[in-house]
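Given next are the chains, with one letter for each unit.
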Amino acid sequence: MRTLTRSFAQGLLVLAPVAITVWVVVFSVTTLDKWLDTRIPGLGIVIAAAGITLIGYLTGNVVGTTVLSWLERGLGRVPLIRILYNALRDLLGAFVGTKRKFDKPVAVEINRHGLKVLGFLTSEHFDDPQLVGHVSVYLPESYNFAGNLIVVPAERVHPLDADGAEFMAFIVSGGVTDMNAAKTVLDGQTV
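Residues numbered from 1 in each chain as written. Predicted model: local features only at pLDDT ≥ 70, side-chain atom pairs only at ≥ 80, totals over all residues. Heavy atoms only, no water.

A. How the structure looks around helix α1 (residues 2-35). Look at α1: 48 Å from first C-alpha to last across 34 residues, which is about the 50 Å you get at 1.5 Å a residue. Its axis deflected by about 30° at L15, α1 carries its strongest bend there, up to four residues before the proline P17. Here α1 has its buried residues at V29, T31, L32 and D33. D37 occupies a position one or two residues after α1 and carries a positive phi of about 50°. (Helix = DSSP H or I, 4+ residues; strand = E, 2+ residues; numbered from the N terminus. Expected span 1.5 Å × (residues − 1). Bend = angle between axes of the 7 residues up to and from the residue. Buried < 20%, exposed > 50% of the residue type's maximum accessible area, 1.4 Å probe, protein only.)

B. Representation of helix α3 (residues 62-75) in the model. When the terminal C-alpha atoms of α3 are compared, their 20 Å separation across 14 residues agrees well with the 20 Å that a helix rising 1.5 Å per residue should span. For α3, the capping residue at the N-terminal end is N61, with a side-chain oxygen 3.1 Å from the backbone nitrogen of V63. (Polar contact = N/O pair within 3.5 Å; in protein donor to acceptor, adjacent residues only side chain to side chain.)

C. Representation of the pairing of strand β3 (residues 134-140). Where burial is concerned, most of β3 is hidden: six out of the seven residues are buried. Bridge count between strand β2 (residues 116-123) and β3: three bridges; the pairing is antiparallel. Note on β3: the bridge partner recorded for F120 is Y138. Two elements, β3 and strand β4 (residues 147-153), share seven bridges in a ladder whose sense is antiparallel. Bridge pairing in β4 places P140 opposite G147. The hairpin formed by β3 and β4 contains six residues between the paired strands, and Y143 there has a positive phi angle of roughly 55°. (Pairing = 2+ DSSP bridges.)

D. Highlighting the pattern of salt bridges. All told, the structure shown has two salt bridges when counted by the stated rule. Salt-bridge contacts for R39 lead to D37; the nearest nitrogen and oxygen are separated by 3.3 Å. Just as R39 is exposed, D37 falls in that class too. The residue E124 makes a salt bridge to K104 at a minimum N-O spacing of 2.8 Å. Separated by 20 residues along the polypeptide, E124 in the loop between β2 and β3 and K104 in the loop between α4 (79-95) and β1 (105-109) bring together distant segments of the chain. (Salt bridge = Lys/Arg side-chain N within 4 Å of Asp/Glu carboxyl O.)

Read these as geometric descriptors, not functional statements.
Pasting the structure below:
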């Protein structure tokens, strides 16, 4: 019975991520196909990807930048929408684009016994005199799209030589995802 239970759990661990991934892809494709009323399976996702790419290209020129600026000013005038739009824009911009913020992985010492938390350095200085010598670090939560922002003395923050995307996946997965391409550098020595 123990072998049967172990085999079932092993099969579930293998099958669940595959099944969930396939379901998300199929759901996305069929939903886009329905929205765009296409008869060819998968055409909706191709059209959506092409449309997103075209919008990205158009916003890279003077006319597109002007239109985007006009749209942002309009959204900035509506209080609740402004908060939502700015938060989403900044969050997405932190991961992709030219102003990425989650590209400086760090370990923060939180006690004298060497306990550390992992996060991303988001600001390296403050104008407030009470925060001189402090930095801000975003600490993502595992299995969640939330996190905490802490302000900590700069000397307690140690940069890590890790790819930002792999580092985020490592934190969000609760440390079970591998960071094969990442090298950790602490105290000047490669670990």
